[in-house]
Each structure stands twice: as structure tokens, then as C-alpha cells.
Amino acid sequence: MSLEVISENQSFGGRQIVYQHASNSCACDMTFAVYLPPQAKDGPVPVLWYLSGLTCTHEIAMTKGGFQEHAAKHGLAVIYPDSSPRGDNVSDDEAYDLGQGAAFYVNATRDPWKPNFQMYDYILTELRAVALEYLPLQDKHGITGHSMGGHGAITLVLRNPSMFNSLSAFAPIAHPTQSDWGRKQLSTYLGDDESTWAEHDSTLLLEEYGWKDEILVDQGTADQFFDLLKPEALATVMARRRQSGLIRMQKGYDHSYFFVNSFAGDHVAFHAARLK
């Protein structure tokens, strides 16, 4: 396998690169971005994964997230995968919250989604292996994400705790089995047997497994999707389980990348303290 460089730019003394590669998991070409801080010139660095939300791509997160300056300061690489498989031969839906751009970080078991929509395996196994083989990265991983990506980050970590060192999220879809942002996608990709959905629900997973370290979650109080995200469900479980961590209700912030950008520095510092 090889990585094709799509673009490369200097940023805060490091390099912002976009790659494309053929994916076995998703059976199509996949694109991802990586920021390599200036410290990567001297040797491998830890990596922070950023999972994007509904309708987003690697490029939106790369250009609007505001992570590069903070990653350069702390010596972390940042990997931005795409949020779904894409292409003319990849199944799609007219709705913005289903199909391409809305893969929900699951392995689809239903047609026509099953051949390509294997984002859980792609992020956890395939892209991780590719990144460690071809890029100057230490095998130390933190993960964060926004909205659908926050859902993906939390579920990946809680199901695979030995593979990650740190966890945070921005306005995650926290209880998808009880939300229209979740029930629609999980039933479409996995089927109507709701017992199969639990392993993709952050609140249910935290209740069952907990997490070995602190969790940092930021949520805007003016988020227009607040009722779909259900942060109160996650907060209730954190309190009941006495889970170490913070859910910070940020006054006046909405669901946009202005919100993500505003607190990106806090999240990078949070992960850097645990990865280094």
C-alpha cells in the first residue's frame, strides 16, 4: 500500500498534509489529513485523533478546528480522518444525516451500506496501522471529536481502552439509542434489533465499563441541537459511576466550529498531559 500526497502546507513550523490511500476496510479510496508538529523533525511524536461530525470532511476540521497552533506548542500530531467513505460507487442518501458524510463510525451490517461503511474498523485498525507505518508517530494515542465524531471517539475508547491513553469530546451525541440522531442511523446501518445498538452508545458504554482516566467534554449552552445530543444522560452516568472527568457547559456557545476552535487549546493541552 502507498500514500498519495494530495497537498502539503507549512503551519506553525510543522507540516499540514493531506493523503489519499486505497482502503481495504471501506473498499474505496479514503482521504485523511495529518498535522505533523515541528518536533516530528527530530523523531516520532504522540498523536491526537480528531473525528468529525455529520456532513464534515477532513478538510473542514483541518481548516476550521484551530488545532495546529496548539499541537505545535505541545508536540502532538493531529490526524483528521474523513467522516465516511465517499465516491460514485459508494451508497448514499438524500438526507444530510445518512450516507456519505454520516457513517456514524460503525461497521454497517445491512445492505447497501455493508460493502463500504466499515468506519469503526477503518479508524481503529486500518488507518491506525497505516499512520504508524508511514508517519513519524509514537504508539501513544488520544482521541477527540465533535458531535457524531464525539460519539465515535467515546465509543471507540470505551470498547478498546488498551488502545488509547486519553479521551475528550466536543458536544458529542451522547445517547444515540434514545435520540433521533442515532436511532435513524443505527437502525439503517445495523438493523432493527436494538440490542446491537448498545455498543455504539456512549452513555450505555460508560455505565458498563467506565474509563481509566478523566474525560473532558465541552458542551455549548446555546447549542441548537442540544436535545438531540443528550449531554444530561452522560452527566448522570458520570455522577452515578463517580467517573473522573468534567462536562463543561460553555455559556452562549452553539454547535459550530467557532465553538470547537474556542476550546481546541484546552483539549490539546489535556491530551498532551496524558500522552507525554
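Here we summarise the structure given alongside this text.

Rules behind the numbers
- Residues numbered from 1 in each chain as written.
- Predicted model: local features only at pLDDT ≥ 70, side-chain atom pairs only at ≥ 80, totals over all residues.
- Heavy atoms only, no water.
- Buried < 20%, exposed > 50% of the residue type's maximum accessible area, 1.4 Å probe, protein only.
- Helix = DSSP H or I, 4+ residues; strand = E, 2+ residues; numbered from the N terminus.
- Pairing = 2+ DSSP bridges.
- Contact = heavy atoms within 4.5 Å.
- Polar contact = N/O pair within 3.5 Å; in protein donor to acceptor, adjacent residues only side chain to side chain.
- Axes fitted to C-alpha atoms, helices over the stretch in contact; angles between N-to-C directions.
- Parallel < 35°, antiparallel > 145°, perpendicular 65-115°, else oblique.
- Left-handed = near helix turned anticlockwise from the far one by under 90°.
- Salt bridge = Lys/Arg side-chain N within 4 Å of Asp/Glu carboxyl O.

Among the five residues in strand E5 (residues 77-81), five count as buried, and that is most of the element. Of the two faces of E5, the one carrying Ala77, Ile79 and Pro81 and the one carrying Val78 and Tyr80 are both buried. In terms of strand pairing, strand E3 (residues 28-36) meets E5 through four bridges, oriented antiparallel. Residue pairing across strands places Tyr35 opposite Val78, the latter belonging to E5. Here three bridges tie strand E4 (residues 45-51) to E5, and the two strands are oriented parallel to one another. Counterpart to Trp49 in the pairing with E5 is Ile79.

Looking at helix H5 (residues 180-190), one finds that the buried residues are Trp181, Gly182, Gln185, Leu186, Ser187, Tyr189 and Leu190. Elements in contact with the buried residues of H5: helix H7 (226-229). Between the side-chain oxygen at the start of H5 and the backbone nitrogen of Trp181 there is a gap of 3.0 Å, and the oxygen is on Ser179. Within two residues after H5, Gly191 carries a phi angle of roughly 105 degrees, on the positive side.

The next point concerns the packing of helix H4 (residues 148-159) against helix H6 (residues 202-209). Running from N to C, H4 and H6 cross one another at 25 degrees; their axes reach a closest spacing of 9 Å. The orientation of H4 relative to H6 falls into the category roughly parallel. In this structure, H4 meets H6 at a crossing whose hand is left-handed. Together, His151, Ile154, Thr155, Leu158 and Arg159 of H4 and Ser202, Leu205, Leu206 and Tyr209 of H6 make up the contact between the two elements.

This part covers the pattern of salt bridges. For the structure shown, the criterion picks out 11 salt bridges. Here Asp213 ties to Arg274 by a salt bridge, and the two come within 2.7 Å at their closest N and O atoms. Placement of Asp213 in the loop between H6 and strand E8 (215-220) and of Arg274 in helix H9 (residues 257-275) is noted, with a sequence separation of 61 residues between them. On the accessibility criterion, Asp213 (24% relative accessible area) is partly exposed. Using a relative accessible area of 24% as the deciding quantity, one classes Arg274 as partly exposed. Of the charged contacts, one joins Arg248 and Asp218 as a salt bridge, the two residues approaching to 2.8 Å between their closest N and O atoms. With Arg248 in strand E9 (residues 245-250) and Asp218 in strand E8, the pair connects residues that are 30 residues apart, well separated along the chain. Take Asp218: its relative accessible area is 0%, and that puts it in the buried class. Among the ionic contacts, a cluster of salt bridges with common partners joins Asp213, Glu214 and Arg274.

Reading across the sheet, the nine strands line up as E1-E2-E3-E5-E4-E6-E7-E8-E9 and stay open at both edges, with mixed pairing between neighbours. Of all strands in the sheet, those with a lone pairing partner are strand E1 (4-11) and E9, marking the two edges. Pairwise comparison of adjacent strand axes, ignoring direction, gives a mean angle of 20 degrees for this sheet. In this structure, E4 lies alongside strand E6 (residues 137-145), joined through six bridges in parallel fashion. Looking at the pairing, Val47 lines up with His141 of E6. Across the sheet, helix H8 (residues 231-241) lies against E8 and E9, angled at about 150 degrees from E9, the strand it touches most. Packed on one face of the sheet, H9 meets E4, E6, strand E7 (166-170), E8 and E9 and runs near 175 degrees to E7.

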